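# Coordinate inspection notes
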Amino acid sequence: LLQEDRCAKSDETVMEKVNAIGDKWDELAIQTEKKLCVLKDVRALHQFNSVCQDMTMWLHMVETQLNIEINLKDMVNLQNLIKKNQMLGHDILSHERHALDINVMADDMVANGHYDATNIANKQEQLNAR
């Protein structure tokens, strides 16, 4: 309206409303940016929890296999046990990189001031202790 001279440029009411709309727009942009940051944090936390849960389940499986009582009755059982232990060793080595990635993810989230940094650090410590 002001650009097309449909109202008087001195009309303060129109200018106040235009300025109010501009202020509301700026406030909306700020709130949207804040919401985006929160959503990114929630997504990262969900991903971290999922990865930690997968690693915890895998660790439980490995611990169970390591705690199986050895019953060697003959050479065939011994050879099977050796093969199982070799496969388990390879599995552990293949998960080493995954464990390192979890640590990097946790360190990044804590360093960036994630809202759940304390719980993230606790989960990281628990996984590393296992």
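The text that follows walks through the structure, step by step, so that each part is easy to find. Note that the structure is predicted; figures quoted are calculated from it, not measured.

The subject of this paragraph is the nonpolar core. Core analysis: the biggest nonpolar cluster contains 14 residues, and Phe48, Met55, Ile102, Ile120 and Leu127 have the highest contact counts within it. At the level of secondary structure, the elements contributing two or more residues to this core comprise helix H1 (12–66), helix H2 (75–111) and helix H3 (117–129). Among the elements that take part in this core, H1 stands out by supplying 8 residues, more than any other. In this structure Ile120 touches Leu45, Phe48, Ala106, Met109, Val110 and His114, once residues within four positions along its chain are discounted.

What follows deals with the pattern of salt bridges. By the definition in use, this model includes 2 salt bridges. Residues Glu63 and Arg130 are paired through a salt bridge, measuring 2.6 Å at the closest nitrogen-oxygen approach. Of this pair, Glu63 sits in helix H1 while Arg130 sits in the segment after H3; the two residues are 67 residues apart in sequence, bridging distant segments of the chain. Relative accessible area serves as the criterion here: at 41%, Arg130 is assigned to the partly exposed category. For Arg97, the salt bridge identified is with Asp101, shortest N-O distance 3.1 Å. With a gap of 4 residues between them, Arg97 and Asp101 both fall in helix H2, about one helical turn apart. By relative accessible area, Arg97 is classed as exposed at 53%.

Its place among the elements puts Asp116 in the loop between H2 and H3. It is Lys123 that comes nearest to the buried, bridge-free Asp116 among opposite-charge side chains, at 6.8 Å. Polar contacts involving the side chain of Asp116 include one to the side chain of Asn119, which spans 2.7 Å.

Turning next to the packing of H2 against H3. For the pair H2 and H3, interaxial distance at closest approach is 9 Å and the crossing angle is 155 degrees. The pairing of H2 with H3 is recorded here as roughly antiparallel in orientation. By crossing handedness, the relation of H2 to H3 is classed as left-handed. Of the residues in H3, those touching H2 at Ile102, Asn103, Ala106, Asp107, Met109 and Val110 are Ala117, Ile120, Ala121, Gln124, Leu127 and Asn128. A class-by-class count of the residues in the contact of H2 with H3 yields 8 nonpolar, 3 polar and 1 charged.

What counts and what doesn't
- Residues numbered from 1 in each chain as written.
- Predicted model: local features only at pLDDT ≥ 70, side-chain atom pairs only at ≥ 80, totals over all residues.
- Heavy atoms only, no water.
- Core = buried A, V, L, I, M, F, W, Y, C linked by side-chain atoms within 4.5 Å.
- Buried < 20%, exposed > 50% of the residue type's maximum accessible area, 1.4 Å probe, protein only.
- Helix = DSSP H or I, 4+ residues; strand = E, 2+ residues; numbered from the N terminus.
- Contact = heavy atoms within 4.5 Å.
- Salt bridge = Lys/Arg side-chain N within 4 Å of Asp/Glu carboxyl O.
- Lys, Arg positive; Asp, Glu negative; His and termini not counted.
- Polar contact = N/O pair within 3.5 Å; in protein donor to acceptor, adjacent residues only side chain to side chain.
- Axes fitted to C-alpha atoms, helices over the stretch in contact; angles between N-to-C directions.
- Parallel < 35°, antiparallel > 145°, perpendicular 65-115°, else oblique.
- Left-handed = near helix turned anticlockwise from the far one by under 90°.
- Nonpolar A, V, L, I, M, F, W, Y, C, P; charged D, E, K, R; others polar.

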